[in-house]
Amino acid sequence: MFTYYLRCDAEKAREALDGDYKVVDLGGAVRVVESFVTLYAGGVPLCMYKSWRMTYTDYQIYGLAKAEVFVRKDGVLVRLVRADEKVGLPELVEGSPLVVHAMDVNENGVMYRVFRIGGYVELAARGVAGGIKEAFHPKKGVNLLIVDLPISPKFQHLLGEAFDLAREHFVELHTTMLSDVCPLCGGRMEKRGRLVRCPQCKVQLSRDVNAVWALARNIVRRLGREQQLAELREIFRLYYPNV
Ligand SMILES: [Zn+2]
């Protein structure tokens, strides 16, 4: 539900985990203290990630109980999940095709885009829906649902929908708007009312639409799927030919 990339000695991480991949209980090899996600080896912190969106309280709100740890070339991917949540981080990193459903939730409803990437590219859906379940149509492949959901009692039922879906599909939650990050270059965009504009790429579009693209870009990059990042940029150019 929350994926992080921790830079550290891969060999030491492999030793600590006794392999490349393991699901552990939170509080053991992986701990969340304040806003630090830390991997321990023999009781000693091996590497950590300071999250700007995760705090100790959030971790309790979401009922996170386990962590998936997958050793990569120069670090480890750590995914914090609930006890009943679908696990399979290696599948998420290496599976094909990867289907990314990215949704931005706000007062206007659920704004969503589906990117099917990994060998071929297809824009499968667009529009505004009333609920996450209504907007989510699983496709053939590895389905990753990314939701930008404000923490507020008003959106509580939508959080419940996301938890439901997480039992059978990969779900990633974001609680902070990334709407001012450029989907092409990753630079900071300028705010102009409900619009954002990148001074570098001259891209200008709605803040909500941009948040969806930025979320997809962020998680695909975090998973280390460089090839798919390039594809995502191409989809963006196809979809917004005039920017
Ligand atoms: Zn840009």
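Residues numbered from 1 in each chain as written. Predicted model: local features only at pLDDT ≥ 70, side-chain atom pairs only at ≥ 80, totals over all residues. Heavy atoms only, no water.

So what's going on with the side chain of E68? Residues and values would help.
Topologically, E68 is positioned in strand β6 (residues 64-71). Given a relative accessible area of 0%, E68 falls into the buried group. Of note is the side chain of E68, whose polar atom sits 2.4 Å from the side chain of Y21. Of the polar contacts made by the side chain of E68, one reaches the side chain of R79; its length is 2.8 Å. Excluding residues that lie within four positions of it along the chain, E68 makes contacts with Y21, K22, V23, L77, V78, R79, V81, K86, V87, G88 and L89. (Helix = DSSP H or I, 4+ residues; strand = E, 2+ residues; numbered from the N terminus. Buried < 20%, exposed > 50% of the residue type's maximum accessible area, 1.4 Å probe, protein only. Polar contact = N/O pair within 3.5 Å; in protein donor to acceptor, adjacent residues only side chain to side chain. Contact = heavy atoms within 4.5 Å.)

Kindly report on the pattern of salt bridges, identifying the contributing residues and their values.
Pairing of side chains with opposite charge becomes possible as their charged atoms draw close. Scanning the entire structure with this criterion turns up 13 salt bridges. Linking E85 and R79 is a salt bridge whose minimum nitrogen-to-oxygen distance equals 3.4 Å. Salt bridges here are not isolated pairs; linked through shared partners, they connect R82, D84, K133, D164 and R167. (Salt bridge = Lys/Arg side-chain N within 4 Å of Asp/Glu carboxyl O.)

Describe in detail the packing of aromatic side chains, supporting the description with residues and values.
Using the criterion set out here, one finds five aromatic pairs in the structure. An aromatic cluster is built from F115, W213 and F236, whose rings are joined through pairwise contacts. Positioned above the aromatic ring of Y40 is the side chain of R31, whose terminal nitrogen or guanidinium carbon lies 3.7 Å from the ring centre. Above the ring of F163, the side-chain terminus of R82 is found at 3.7 Å from the ring centroid. (Phe/Tyr/Trp six-rings, centres within 6.5 Å; stacked < 30°, edge-to-face > 60°. Lys NZ or Arg CZ within 6 Å of the ring centre and 35° of its normal.)

Quick one: what's the story with the coordination of the zinc ion, residue by residue and with numbers?
For the zinc ion, the protein coordination sphere consists of C182 (SG), C185 (SG), C198 (SG) and C201 (SG), at 2.3 to 2.4 Å. Relative to the metal, the four donor atoms surrounding the zinc ion lie at angles of 105 to 113 degrees, and the coordination shape comes out tetrahedral. C201 gets classed as partly exposed once you look at its relative accessible area, which sits at 25%. (Donors = N, O, S within 2.8 Å, 3.2 Å for Na, K, Ca; no water. Tetrahedral: all angles 85-135°; square planar, octahedral: opposite > 155°, others 65-115°.)

Explain the domain arrangement of the protein chain to me, and be specific about the residues and the numbers.
Each assigned domain of the protein chain is listed with its residue range as follows: domain 1 (2-90) and domain 2 (95-239). Every contact between the two is made by 19 residues of domain 1 and, on the other side, 19 residues of domain 2. Counting across the interface, domain 1 meets domain 2 through one salt bridge. Measuring nitrogen to oxygen at the nearest pair gives 3.1 Å for the salt bridge that ties R167 to D84. Where domain 1 meets domain 2, there are five residue pairs in polar contact (both at pLDDT 80 or more). Broken down by secondary-structure element, the contributors of at least two residues to the side of domain 1 that touches domain 2 are β1 (2-7), β7 (75-82) and α3 (89-94). Considering each element in turn, the side of domain 1 that touches domain 2 owes the most residues, four residues, to β1. Across the side of domain 1 that touches domain 2, the residue classes break down as ten nonpolar, two polar and seven charged. (Domains from an automatic or database assignment. Nonpolar A, V, L, I, M, F, W, Y, C, P; charged D, E, K, R; others polar.)

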